[in-house]
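Chain by chain, the residues:
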Amino acid sequence: MTDIIDRDLSRSERRRYIVRGLLRALVMTVAIVALYFLLPLDRVGVLPLWATLLVALVVMLGVTYWQTRAIVRSTQPGLRGIEALAVIAPLYLLLFAASYFVMAQGDPAAFTAEDPTRVDTLYFTVTVFATVGFGDISPASETARLLVMFQMILNLIVLGAGIRLLTAAVNRGRESRADAAAEAPPPDGAEA
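The structure presented is a predicted model; accordingly, all values stated were derived computationally and were not measured.

Q: Can you help me understand the pattern of salt bridges in this one?
A: Close approach of charged atoms allows side chains of opposite charge to pair. Counting across every chain of the model gives two salt bridges. A salt bridge links Arg 24 to Glu 83; its shortest N-O distance comes to 2.8 Å. Placement of Arg 24 in helix H1 (residues 11-38) and of Glu 83 in helix H3 (residues 77-106) is noted, with a sequence separation of 59 residues between them. The class of Arg 24 is partly exposed, set by a relative accessible area of 39%. Residue Glu 83 is joined to Arg 80 by a salt bridge in which the shortest nitrogen-to-oxygen separation is 3.6 Å. Taken together, the residues Glu 83 and Arg 80, both in helix H3 and three residues apart, mark about one turn of the helix. When salt bridges with common partners are traced through the structure, they connect Arg 24, Arg 80 and Glu 83 into a single cluster.

Q: What exactly am I supposed to notice about the environment of Ile 157 here?
A: You can see Ile 157 is positioned in helix H5 (residues 142-183). On the accessibility criterion, Ile 157 (45% relative accessible area) is partly exposed. In the structure, Ile 157 is positioned 98 residues away from Val 59 in sequence and 17 Å away in space, judged by C-alpha atoms.

Q: Looking at this structure, I do not really get the side chain of Thr 64. What am I missing?
A: Among the structural elements, Thr 64 can be located in helix H2 (residues 49-73). According to the relative accessible area criterion, Thr 64 is buried, its value standing at 17%. In this structure Thr 64 touches Ile 88 and Leu 165, once residues within four positions along its chain are discounted.

Q: Mind showing me how you'd approach the nonpolar core here?
A: Across soluble globular proteins, you tend to see nonpolar side chains buried next to one another. Grouped together as the largest cluster of nonpolar side chains are 34 residues, with contacts concentrated most on Tyr 100, Phe 111 and Phe 124. When contributions to this core are tallied by element, the ones reaching two or more residues are H1, H2, H3, helix H4 (118-129) and H5. For this core, the element with the highest residue contribution is H3, accounting for 16 residues. With residues up to four places along the chain from it excluded, the contact list for Phe 124 reads Tyr 100, Phe 111, Ile 137, Ser 138, Pro 139 and Val 148.

Q: Help me understand a nonpolar patch on the surface, please; the structure alone is not making it clear to me.
A: A contiguous nonpolar patch, built from Trp 50, Leu 54, Leu 57, Val 58 and Leu 61 and spanning about 550 Å² of accessible area, is present on the exposed surface. Relative to the assigned elements, Val 58 resides in helix H2. You can call Val 58 exposed: its relative accessible area is 53%.

Rules used throughout
- Throughout, residues of each chain are indexed from 1 in the direction in which the sequence is written.
- Where local features are concerned, this predicted model is filtered to residues with pLDDT of at least 70; where side-chain atom pairs are given and counted, the filter is 80 or more; whole-chain, interface and lining totals use all residues.
- Each side-chain value is derived from all of the structure's non-hydrogen atoms; neither hydrogens nor water enter the calculation.
- Any Lys or Arg side-chain nitrogen found within 4 Å of a carboxyl oxygen on Asp or Glu counts as a salt bridge.
- Note on conventions: DSSP H or I runs of at least 4 residues are helices, E runs of at least 2 residues are strands, and numbering of each starts at the N terminus.
- The rule is simple: take the accessible area with a 1.4 Å probe, protein chains only, and divide by the maximum for that residue type; under 20% is buried, over 50% is exposed, in between is partly exposed.
- A contact between two residues is defined here by any heavy atoms of the two lying within 4.5 Å.
- In these notes, a set of buried Ala, Val, Leu, Ile, Met, Phe, Trp, Tyr and Cys residues joined through side-chain atoms within 4.5 Å is what counts as a nonpolar core.
- Two distance rules govern patches: like charges are joined within 9 Å, and nonpolar side chains (Val, Leu, Ile, Met, Phe, Trp, Tyr) within 5 Å, applied only to residues with over 30% relative accessible area and no salt bridge.
- All accessibility values rest on the Shrake-Rupley procedure with a 1.4 Å probe; residue burial counts only the protein chains present in the view.

Here it is, written out as structure tokens:
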């Protein structure tokens, strides 16, 4: 964990940064999960599925962009990268779960589960993401199968490219800090 936090900090400062970062990540994750369960997704069914997916994609890209910029600008990019992952991963899963829930509301025959709940669609999303596929809930319609295939392909991209993006942002943030430290004027009384 010390590679994540600036080595120039004291032990208590590092601990404080870690605790604060983990608490922020926990609060953000709880907020995202709460939104999933509180938003009136059953009323979104009036929108076509492609519009729902487009909104989800825009939200995901916007949050990823915002988190990446936050990492690069952070004084602790390693810790900020962990926080970003704690926001992006649940958001990704919950956006798919919400899409599946909206799809099931619009087409009750889309999945084998009868009238799937938000918990059911979240469970299904996680089993697809983890490639477990228990089979108790599966896509039944062609549209549902297409969306599930899209998630499977996107899972691979998110795992590969997404983690690489966050790692690159952390490295860039560290380089920016090192460059800024190298360009900083020497302290008063020190020789140049």
